[in-house]
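Survey of secondary and tertiary structure
Take a look at the letters that make up each chain.
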Amino acid sequence: MIPAGHGNTGTAFWLMAPAIAVYGIFTLFPIAVTFWLSFTDSAGFNTPASFVGVENYRKAVQDPIVWQALWQTIIWLIYHVVLAGGLGLGLALAIARLKRSQVFFRTAFFLPHLVSLAVVGVIWANIYDPFFGLLNTGLTEIGLGNWTQGWLSDPALVLFSVNVASSWQGFGLYMLLFIAGLQDIDPALYDAAEVDGANSWQKLIHVTLPGLREVMTFVMSLAMINGLKGFATVFVMTNGGPFYQSELITTYIYRLAFQAQDHGLAAVLCILLSLFAITITIVFNRWRARMAR
């Protein structure tokens, strides 16, 4: 056994140095540059920038689109957790009962997760087409023509409609995680519940869901992370429209940085998004710790 000492500490440091250097260059340095840009009037790369203090922060607070995008990001996050997470759980419960065809359905439902969000946006934009799209055409064919909508042009529906497309891409992963959790539940618990006269609903409430508690918290955390990254689908399908009704913080950052060339204000929103993500993480971890007691 090699005794611990100063020499071992020095060796460990030099072994970690390459990883620390990579982390510093590709993570810490961009964070520092973003923080610095938030105090400048930078208009893009290779352009002169002067220090403006907290002017960009003042502009962000006074910009109504920032608050609208923040609120819609929260709604988007809730939609994704409920739609993608709920669909994943429901399908996992249904597929877990199958024997011969379980592998087929697991593979079929997981396939959308292998498609990039940009491609998913193109697919669903065509599905939502008001004149030739599969959704409106199908509703008309079955006699529900009154239900046809401009799914991506109606301000009241657009955010939900785009989130359905994003959730369709993500639910397969959550489904597999729930199936793995179901396989870890002791079958003896179901036998005991049947002996006590429990029906299917009671077994779900008192055996299945408590047995999935750890998996559910993990899926929720994963869904929140994926929800905060909502950019590609919105950008491809609506570009934040109509009238900013599907604008998220991520899409507004892109609009400011690469269309309006206001990198200072975009940097402020990057910091705001980071603080938002940190806040959600802290609140969720405290809730998960309380649930685990």
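Our structure is the block above this text.
Since the model is a prediction, treat every value here as computed from it, not as a measurement. (Residues numbered from 1 in each chain as written. Predicted model: local features only at pLDDT ≥ 70, side-chain atom pairs only at ≥ 80, totals over all residues. Heavy atoms only, no water.)

1. Quick word on the side chain of Asn136
So the rule is basically this: Each helix is a run of H or I in the DSSP string that is no shorter than four residues. Each strand is a run of E no shorter than two, and both are numbered from the N terminus. Whether a residue is buried, partly exposed or exposed follows from its accessible area with a 1.4 Å probe, protein chains only, as a fraction of its type maximum: under 20%, in between, or over 50%, in that order. What qualifies as a polar contact is a pair of N or O atoms within 3.5 Å, subject to a donor-acceptor requirement within protein and to the restriction that residues adjacent in sequence count only when both atoms come from side chains. Residue contacts are counted whenever heavy atoms from the two residues lie within 4.5 Å of one another.
With respect to the element layout, Asn136 can be found in helix H6 (residues 134–141). Overall, the relative accessible area of 5% leaves Asn136 in the buried class. A distance of 2.8 Å separates polar atoms of two side chains, one belonging to Asn136 and the other to Trp151. Setting aside anything within four residues of it in sequence, one finds Asn136 in contact with Asp129, Pro130, Thr148, Gln149 and Trp151.

2. Examining the nonpolar core
As a reminder, the rule being used: The criterion is simple. A nonpolar core is a set of buried Ala, Val, Leu, Ile, Met, Phe, Trp, Tyr and Cys residues joined through side-chain atoms within 4.5 Å.
Among the nonpolar cores identified, the biggest contains 41 residues, and Tyr174, Phe178 and Leu269 are the most heavily contacted of them. Listing elements by their share of this core, those giving two or more residues are helix H3 (64–95), helix H7 (158–183), helix H10 (213–228), helix H12 (249–259) and helix H13 (263–292). The leading source of residues in this core is H3, at eleven residues. Setting aside residues up to four positions removed in sequence, Leu269 forms contacts with Ala60, Val66, Ile249, Tyr252, Ile253 and Leu256.

3. Thoughts on H10
One full turn of an α-helix is made of 3.6 residues, so residues set three or four places apart face in the same direction. Spelled out, the test is: To estimate how far a helix should reach, multiply one less than its number of residues by 1.5 Å.
A rise of 1.5 Å per residue sets the reference length of H10, with its 16 residues, at 22 Å; its end C-alpha atoms lie 23 Å apart and thus fit the reference within 8%. The complete set of buried residues in H10 reads Val215, Thr217, Val219, Ser221, Leu222, Ala223, Met224, Gly227 and Leu228.

4. Some details on the packing of aromatic side chains
Two measures describe an aromatic ring pair: the distance that separates the ring centres and the angle between the ring planes. Short version of the rule: When two rings of Phe, Tyr or Trp (its six-membered ring) have centres within 6.5 Å they constitute a pair, described as stacked for plane angles under 30 degrees, edge-to-face for angles over 60, and tilted for the intermediate range.
Applying the stated rule across the entire model yields 16 aromatic pairs. Taking 5.2 Å as the distance between ring centres and 75 degrees as the angle between the ring planes, the aromatic pair formed by Phe104 and Phe105 counts as edge-to-face. With relative accessibility at 57%, the residue Phe104 sits in the exposed group. On the accessibility criterion, Phe105 (30% relative accessible area) is partly exposed. Seen in terms of ring centroids, Phe231 and Phe235 are 5.3 Å apart; in terms of plane orientation they differ by 15 degrees. Their pairing is stacked. Judged by its relative accessible area of 25%, Phe231 falls in the partly exposed class. Overall, Phe235 belongs to the partly exposed group, its relative accessible area being 31%.

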